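Descriptive structure summary
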Amino acid sequence: MALIITAECIACWACEPICPNAAIRVKNEVFRIDKKSCTRCEGYGDLPQCVEICPVEGAIIDDEGTAMNPPGSLTGIPPREPLPA
Ligand code: SF4
Ligand code: SF4
């Protein structure tokens, strides 16, 4: 149920103050979401607050590994096709 912050995070600090459950923990500039505290912002709008404000595609994923802001969703730039081998 809880969301997960990945290594794509650039430690911009945007999400930490807006989490309604104080679920985002920071240690040595590494951001993590406390599984027990994150409710995916149930009752706080359509999108989780951290997902709404995060400027980095792929920095927050769900527990199935799906990016909440997938490639192209913020930049409008479609993901690049892999180069032919
Ligand atoms: S989804 Fe909501 S409760 Fe969970 S870490 Fe993000 S802002 Fe906090
Ligand atoms: S808003 Fe996104 S990039 Fe910024 S600290 Fe949070 S997870 Fe990392």
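Structure's up top.
Not measured: the values here are computed from a predicted model.

What follows concerns the site of ligand 2. What surrounds ligand 2 is the set I5, C9, I10, A11, C12, W13, A14, C15, F31, C54, P55 and V56. Its residues assigned to classes, the shell around ligand 2 comprises 12 nonpolar, no polar and no charged.

Turning our eyes to something else, we now look at the side chain of S37. Along the chain, S37 turns up in the loop between strand 3 (30-33) and helix 1 (49-53). Of the polar contacts made by the side chain of S37, one reaches the side chain of R25; its length is 3.4 Å. Of note is the side chain of S37, whose polar atom sits 2.4 Å from the side chain of D34. The contacts of S37, once residues within four sequence positions are left out, are N21, A23 and R25.

Ranked by internal contacts, the top residues of the largest apolar core, which has 16 residues, are L3, I5, I24, I33, C50 and I60. Those elements giving two or more residues to this core turn out to be strand 3 and helix 1. In contact with I33, other than residues within four places in its own chain, are L3, I4, I5, A23, I24 and C38.

Under the counting rule described, the total for this entry stands at 2 salt bridges. Across the pair R25 and D34 runs a salt bridge whose closest N-O atoms are separated by 3.7 Å. A residue is classified by how much of its surface remains accessible, and R25, at 41% relative accessible area, is partly exposed. Given a relative accessible area of 22%, D34 falls into the partly exposed group. Two residues, D63 and R40, come together in a salt bridge whose shortest N-O distance is 3.6 Å. Of this pair, D63 sits in the segment after strand 4 (60-61) while R40 is found in the loop between strand 3 and helix 1, placing the two residues 23 residues apart along the sequence. The exposure class assigned to D63 is partly exposed, which follows from its relative accessible area of 46%.

Definitions and cut-offs
- Residues numbered from 1 in each chain as written.
- Chains lettered and ligands numbered in written order.
- Predicted model: local features only at pLDDT ≥ 70, side-chain atom pairs only at ≥ 80, totals over all residues.
- Heavy atoms only, no water.
- Near = heavy atom within 4 Å.
- Nonpolar A, V, L, I, M, F, W, Y, C, P; charged D, E, K, R; others polar.
- Helix = DSSP H or I, 4+ residues; strand = E, 2+ residues; numbered from the N terminus.
- Polar contact = N/O pair within 3.5 Å; in protein donor to acceptor, adjacent residues only side chain to side chain.
- Contact = heavy atoms within 4.5 Å.
- Core = buried A, V, L, I, M, F, W, Y, C linked by side-chain atoms within 4.5 Å.
- Buried < 20%, exposed > 50% of the residue type's maximum accessible area, 1.4 Å probe, protein only.
- Salt bridge = Lys/Arg side-chain N within 4 Å of Asp/Glu carboxyl O.

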